[in-house]
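Letter by letter, the chains look like this.
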Amino acid sequence: MAQNLWGARFSKELDALVNEFNQSIKVDSLMYKQDVEGSLAHAEMLCKQGIITESDYQDIVDGLCSIRDDITSGALKIDMNAEDIHMFIEGELTKRYPVAGKKLHTARSRNDQVALDVRLYLREKTGSLMDELKNLIGVIYEVASENTDSVMPGYTHLQRAQPVTLAHHLLAYSAMFMRDYDRLADTQKRLNFCPIGSCALAGTTYNIDRAFTASKLGFTAPVFNSMDGVSDRDFCVELASDIALIMMHLSRFSEEIILWSSWEFKFIELDDSYSTGSSIMPQKKNPDIAELVRGKTGRAYGNLITLLTLLKGIPLAYNKDMQEDKEAIFDSVETALICLKVFAPMLKTMTVLKENMAKAGEKGFINATDCADYLAKKGMPFREAYKISGQLVALCVSKGITLNQLELQEYKKMSDLFEEDIYEAIDMLTCLNKRTSEGAPSKSAVEKQLSIVESFLND
Ligand code: ARG
């Protein structure tokens, strides 16, 4: 009878459907390298402590390394009927080194083993996410640097509000992604504690050296409580939450890309290699990448809720429910990675249609605040000035003209404070370049923002 490694007390083979239901190999086989890495460090500790012999240790090293290399080369196929990657690798090691292989699991449980593997795997993936974020921030920096003069309307309520530049608008996203980067770095700090040696839940009677294994694997320190070591999945939730925010930011950005590439806006044109056509409408050029990123944000939110819900009712310590953690968090990680990887070059290759942006800025009275500020600076209380400016806008709307086209005598009818220099004051470029307050869209203020991003990129 083909028995599981844990099958000693069982007299019947597992029902086939239950076997399929119970296994996690289809998801956790992704962690085969981390499983080997963790086992190597564990075995080295066992040898150093005199728990296994030097020669057993050597066999374990040879066995584990050859298994890892054979899986990588394809020479060894992972058996999808195995329960999980931990069982598969240990079983294979025991086939190759029957005596030493059986000693590897001394002073260890799959409970601390899986907790370790997931941390190792996610630590690496968090690093990749940070690299991809940095790359995206770099692309935003490039596009922003080229567009510090590209005037466009800034919106509130999706109504034209005040003049900004494309650089200014894009730098808002740099700020979001820089915070995301920070959050990942912070998550990594808390993730970087080592659970191995917690064993099933209550540690072990063997004289193990947890600090040694932890430092071999690059961790800050061992998790200090063995029950927490096997039960904690906070790092999965934190990472899923970081990713939910990254996806939310990407999704908002996507929404703008979708709007901006519509005929109604036409602020940008996506490159042919980053857009798709329609099977029936020959004229179509669709922003599918941005739409998919927006759509995939749903999964990232779902995975976060899955993890939180999964954990909320689990008593200490390990429970099989926790096997469900990997599918959720791995999906979040892969989703965010691919989204970041396609989003950056889509942005980099898009064409900015500066004239259309500027044209949109001319209409919509985005200089009405500046008209009010003009009066206020001449001594009129702002609320009064605001009212006059609003009445002037209404007048222009009824005449079908802009504030710049309204004659001086009309201005004067509303207030004596208006002089010829009102036209200069409400000129779009004046409105933009006078906005020099910290964080504002004038060229000088934007250059400061660019330099903040630049120092982040060079860090
Ligand atoms: N496949 C399991 C998981 O992913 C490994 C740990 C199993 N431990 C146990 N006692 N059944 O969580």
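The following refers to the structure shown. (Residues numbered from 1 in each chain as written. Predicted model: local features only at pLDDT ≥ 70, side-chain atom pairs only at ≥ 80, totals over all residues. Heavy atoms only, no water.)

## Examining the side chain of Ser 39
Quick note on the threshold: Each helix is a run of DSSP H or I of at least 4 residues and each strand a run of E of at least 2, with the numbering of both proceeding from the N terminus. Here's how the labels work: a residue is buried when its accessible area is under 20% of the maximum for its type, exposed when over 50%, partly exposed in between, all with a 1.4 Å probe on protein chains only. Contacts between residues were defined by any pair of non-hydrogen atoms, one from each residue, lying within 4.5 Å.
Position of Ser 39 among the secondary structure elements: in helix α3 (residues 32-48). Under the relative-accessibility criterion, Ser 39 is labelled buried at 1%. With sequence-adjacent residues up to four places away left out, Ser 39 is seen in contact with Leu 64, Leu 104, Arg 108 and Gln 113.

## A word on the pattern of salt bridges
Filter applied, for reference: Salt bridges are identified by distance alone: a Lys or Arg side-chain nitrogen within 4 Å of an Asp or Glu carboxyl oxygen.
According to the stated counting rule, one finds 29 salt bridges in the structure shown. The salt bridge involving Arg 119 is made with Asp 232; its shortest N-O contact spans 2.9 Å. One end of the pair, Arg 119, is in helix α7 (residues 110-145); the other, Asp 232, is in the loop between α10 (226-231) and α11 (234-260), and 113 residues separate them in sequence. A relative accessible area of 2% places Arg 119 in the buried class. You can call Asp 232 buried: its relative accessible area is 13%. Across the pair Asp 325 and Arg 233 runs a salt bridge, and its minimum N-O distance is 2.7 Å. Taken together, the positions of Asp 325 in helix α13 (residues 325-349) and Arg 233 in the loop between α10 and α11 put the pair 92 residues apart, joining distant regions of the chain. For the pair shown, Asp 325 and Arg 233 are each scored as buried.

## What to know about the side chain of Ser 332
Looking at the secondary structure, you find Ser 332 in helix α13. Its relative accessible area of 0% is what places Ser 332 among the buried residues.

## Some thoughts on the state of the cysteines
Two cysteines joined by a covalent bond between their sulfur atoms form a disulfide. To keep it simple, the criterion reads: Throughout, a disulfide means two cysteine sulfur atoms within 2.5 Å of one another.
On inspection of all chains with the given rule, the structure shows zero disulfides. Cys 47 provides the cysteine sulfur closest to Cys 65, a residue in no disulfide bond, and the two sulfurs are 14 Å apart. Here Cys 236 stays unpaired: no disulfide links it, and the sulfur of Cys 194, its closest cysteine neighbor, is 15 Å away.

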